[in-house]
Amino acid sequence: MYAEDKILIGCNENMDVFALPRMANRHGVIAGATGTGKTVTLKVLAESFSDMGVPVFLADMKGDVAGLAKVGATNDFISRNVEAFSLEDKGFNFKSYPVEFWDLFGEKGLPVRVTLSEMGPMLLSKILNLSEAQAGVLNIIFRVADDESLLIVDLKDLKAMINHVVENKDKYESQYGAIAPKSANTILRTLLAFEDQGGDLFFGEPALDLNDFMQVDDNGKGVINVLDAQKLSLSPEIYSTFLLWMMSSLYQNLPEVGDMDKPKFVFFFDEAHLLFDEISPEFGKKIEQIVRLIRSKGVGLYFISQSPADIPDDILAQLGNRVQHALRAYTPKDQKAVKVAAETFRPNPNFGTAEVISTLGTGEALVSVLDEKGAPTVVEQVKIVPPQSHIGSIDDDLRNQIINISEFKSKYWDAVDPESAYEILLNKIASNPNIESEVPESDKQIIEEVKTQNQEAPQQQGSVLVDILGTVIAGQTKQTTRKRTKKSSSQKMVEKAASQAMNTAAREVTKGIMRGIFGQMK
């Protein structure tokens, strides 16, 4: 709750605990067991930042954060706290907040897309769980694409590039190092499984412009960007890698601003343990560096997890504002987690921190923030102030209404398919005058039929040849969701004939087209 130009987090009988806006970019952590009140604390902080004019990004893992878009209502629990701590006198009133809904799958929000070139091989390797050797091959593929100005936008571009590089590995190995076909084939198989999870919807154009997350409404309130993650949470690698990409992109693209009266942008990482599970030491150092330096860009990062122990020590040490909800200590492992959590706070002589953590009730928390000098305050036990927006989910009608009136719908709703690596490679093949000599004799009839189709229908977009060869080059196994030119019956007939020929002579066709044609490209 934003009150007295500060962020009111919680209250007890003796004091109110405020966080200072100019210390909000020193990051923070919200921890606690399931059902102890972390989501309410997240909403209270998000509301406060919005009220002070700071845009926010957060993920909605269960669908209940969406209630930020709806006016809140009282209940017995809220009424007692509002009265006990005189919150109305401090400005508490029920209201809704400006919200933009986003969804990587484009189902419960505006679609979120990123190009593979922007994502890069390191983060993509994390999504695909590649081995070190496979990640090395992927890195070479991206380097070749960069050096030859072949833009990798989506998965079909990447698959085309993999096949191109492998079939021309003799040309590239002297410059880029060994290219193992076995590793490349494993990457291709992994991409097929990734597509089955909906990953093909994530990569493409128009790509997300992170500046669109940094908006304020006409009343000066920061817009709260809610990423619907109910379905996304089933694909933790995609979820965590998208957040890592977003964090690194903010760091790379935002200018230095130094110390400010309030943050430019606040980013909440829910289920933070997913960011750090099984990461390499190199990756961990990169994250630690970004967390340490991004505050100079005016960005505040807040990690949300069950235990502070889920966050590496080097990163945890940089999180100055801390809210700890209850942790249960039934086993030796639980007791160790409680001890770790207690050790992250500056002790209060009036109580034992470790003892209190395991006895906190729902909606209660231990809180420590940074004071004017940047030093952590003594930990206090408080009741978290209630949110002013709706507690719970919203219906689809309200969600769709908000999506439909968004100024960004026309920008992001429809996918586009620009000319990129896939199309450029296909055009090179289609324009190769020696294509007949590179195809087995048994399949030359197909090429003749293709030529005839192109001569009879020159006005059609693209060529039948490109359509047929595209299936081979990109290894496409399922139809994409992008709009395509409708194929004529004659095109379908030729494609069917091509498919039959490929099935009966797959090895020869692949060798003749892929190795021969790509090998002669200039």
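Note that this is a predicted model, so its numbers are computed, not measured.

Visitor: Just checking my understanding: could you explain the overall build of the protein chain for this structure?
Guide: Within the protein chain, the regular secondary structure consists of 20 helices and 13 strands. For the protein chain, with 522 residues in total, the buried portion stands at 54%. Considering only intrachain contacts with a sequence separation of at least 6, the fraction spanning at least 24 residues in the protein chain is 78%. Summed over its atoms, the accessible surface of the protein chain is roughly 23600 Å², and 48% of this surface lies on carbon and sulfur atoms.

Visitor: Sorry, what's going on with empty space enclosed by the protein here?
Guide: Here the idea is plain: a probe the size of a water molecule rolls over the atoms and shows the empty space left. Tallying each qualifying case throughout the model produces two cavities of 30 Å³ or more. Roughly 70 Å³ of internal volume is contained in the second largest cavity. Around the second largest cavity, the lining residues are Ile-7, Ile-9, Ala-19, Ala-24, Val-29, Ile-30, Leu-45, Phe-49, Tyr-302, Asn-321, Arg-322 and Val-323.

Visitor: Would you mind going over the packing of aromatic side chains with me for this structure?
Guide: In this description, a pair of aromatic rings is defined by centroid distance and the angle of the planes. According to the stated counting rule, one finds 19 aromatic pairs in the structure shown. When the centroid spacing of 5.0 Å and the interplanar angle of 90 degrees are considered together, the rings of Phe-57 and Phe-267 count as edge-to-face. Within this pair, whereas Phe-57 is found in strand β5 (residues 56-60), its partner Phe-267 is found in strand β9 (residues 265-269), the two being separated by 210 residues in sequence. The exposure class assigned to Phe-57 is buried, which follows from its relative accessible area of 1%. Residues Phe-92 and Phe-94 carry aromatic rings whose centres are separated by 5.2 Å and whose planes lie at 80 degrees to one another, so their mutual orientation is edge-to-face. Taken together, the ring pairs in this structure connect Phe-57, Trp-102, Phe-213, Phe-265, Phe-267, Phe-269, Phe-276, Phe-303, Phe-408 and Tyr-412 into an aromatic cluster. The lysine or arginine in question, Lys-221, covers the ring of Tyr-97, its NZ or CZ lying 4.9 Å from the ring centre. The ring of Trp-413 carries Lys-409 above its face, with NZ or CZ at 5.0 Å from the centroid.

Visitor: Teacher, can you tell me more about the pairing of β5 here?
Guide: If a strand is regular, its side chains alternate between the two faces of the sheet. In terms of burial, β5 is a largely internal element, five of the five residues being buried. Burial along β5 is two-sided: the face carrying Val-56, Leu-58 and Asp-60 and the face carrying Phe-57 and Ala-59 are both buried. Pairing analysis gives two bridges linking β5 to β9, with the strands arranged parallel. Counterpart to Phe-57 in the pairing with β9 is Phe-267.

Visitor: Just to check I follow, could you spell out the nonpolar core for this structure?
Guide: The nonpolar side chains of a soluble globular protein tend to be buried with one another. Formed by 132 residues in total, the largest nonpolar core has its most connected members in Phe-49, Phe-242, Phe-268 and Phe-303. Here this core gets nine residues from one element, more than from any other, and that element is helix α8 (residues 236-253). Not counting the four nearest positions on each side in its chain, Phe-242 is found in contact with Phe-57, Leu-104, Val-112, Val-114, Phe-202, Leu-208 and Leu-227. Counting residues in hydrophobic clusters, the runner-up holds 11 residues, among them Ala-326, Leu-327, Val-356 and Val-379.

Visitor: Sorry if this is basic, but what is going on with the packing of helix α5 (residues 155-167) against helix α7 (residues 181-196) here?
Guide: Two measures define how a pair of helices packs: the angle their axes make with one another and the distance between the axes. Look at α5 against α7: their axes get within 10 Å of each other, and the N-to-C directions meet at 165 degrees. As the angle between them shows, α5 and α7 are arranged roughly antiparallel. The chirality of how α5 crosses α7 is left-handed. The segment α5 lies against α7, with Leu-155, Leu-158, Lys-159, Ile-162, Asn-163 and Val-166 engaging Pro-181, Ala-184, Ile-187, Leu-188, Leu-191, Leu-192, Phe-194 and Glu-195.

Visitor: Please clarify how the environment of Lys-221 should be interpreted in this entry.
Guide: In this fold, Lys-221 is placed in the loop between α7 and β8 (224-228). Here Lys-221 is in contact with Ser-50, Asp-51, Gly-53, Lys-95, Ser-96, Tyr-97, Pro-98, Gln-215 and Val-216, once residues within four sequence places are set aside.

Visitor: Just to check I follow, could you spell out the layout of surface pockets for this structure?
Guide: Roughly 650 Å³ of volume is contained in the second largest pocket. Taken together, 21 residues make up the lining of the second largest pocket; nearest its centre are Ser-125, Lys-126, Leu-130, Glu-278 and Phe-283. Elements represented by at least two residues in the lining of the second largest pocket include exactly α3 (116-128), α4 (132-147), α8 and α10 (281-293). Of the residues contributing to the lining of the second largest pocket, the split by class is eight nonpolar, seven polar and six charged.

Visitor: I'm lost on the pattern of salt bridges in this one. Help?
Guide: Between side chains of opposite charge, a pair can form when the charged atoms approach closely. Per the counting criterion, the structure on display carries 13 salt bridges. Taking the shortest distance from any N to any O, the salt bridge between Lys-156 and Glu-423 comes out at 3.4 Å. Linking Lys-156 in helix α5 with Glu-423 in helix α16 (residues 421-430), this pair joins segments that are 267 residues apart in sequence. Comparing Lys-156 with Glu-423, the two get one shared label, buried.

Visitor: Would you take a moment to explain the side chain of Ser-305 for this structure?
Guide: Examined against the element boundaries, Ser-305 turns out to sit in strand β10 (residues 299-305). Here Ser-305 falls in the buried class, since its relative accessible area comes to 5%. Within the local environment of Ser-305, its side chain forms a polar contact with the side chain of Asp-310, the two groups lying 2.6 Å apart. Ser-305 has contacts with Ile-30, Ala-31, Gly-32, Lys-38, Ala-272, His-273 and Asp-310, leaving out every residue within four places of it along the chain.

Visitor: Would you mind going over unusual backbone geometry with me for this structure?
Guide: A negative phi angle characterises most non-glycine residues, just as the trans form characterises most peptide bonds. The linkage connecting Glu-205 with the following residue, Pro-206, adopts the cis geometry, with an omega of 0 degrees. Its place among the elements puts Pro-206 in the loop between α7 and β8. With phi around 70 degrees, His-27 is a residue other than glycine that occupies positive phi space. Of note in this structure, Glu-271 is not a glycine but carries a positive phi near 50 degrees. By the secondary structure assignment, Glu-271 is in the loop between β9 and α9 (273-276). Residue class for Glu-271 comes out partly exposed when judged on its relative accessible area of 31%.

Conventions adopted
- Residues numbered from 1 in each chain as written.
- Predicted model: local features only at pLDDT ≥ 70, side-chain atom pairs only at ≥ 80, totals over all residues.
- Heavy atoms only, no water.
- Helix = DSSP H or I, 4+ residues; strand = E, 2+ residues; numbered from the N terminus.
- Buried < 20%, exposed > 50% of the residue type's maximum accessible area, 1.4 Å probe, protein only.
- Contact = heavy atoms within 4.5 Å.
- Areas by Shrake-Rupley, 256 points an atom, 1.4 Å probe, with all protein chains shown as cover.
- 1 Å grid on protein atoms, 1.4 Å probe; cavity = no way out; pocket = protein on both sides within 12 Å on 5 of 7 lines; lining within 4 Å.
- Points joined across faces, edges and corners; volume = space filled by probe spheres on them.
- Phe/Tyr/Trp six-rings, centres within 6.5 Å; stacked < 30°, edge-to-face > 60°.
- Lys NZ or Arg CZ within 6 Å of the ring centre and 35° of its normal.
- Pairing = 2+ DSSP bridges.
- Core = buried A, V, L, I, M, F, W, Y, C linked by side-chain atoms within 4.5 Å.
- Axes fitted to C-alpha atoms, helices over the stretch in contact; angles between N-to-C directions.
- Parallel < 35°, antiparallel > 145°, perpendicular 65-115°, else oblique.
- Left-handed = near helix turned anticlockwise from the far one by under 90°.
- Nonpolar A, V, L, I, M, F, W, Y, C, P; charged D, E, K, R; others polar.
- Salt bridge = Lys/Arg side-chain N within 4 Å of Asp/Glu carboxyl O.
- Polar contact = N/O pair within 3.5 Å; in protein donor to acceptor, adjacent residues only side chain to side chain.

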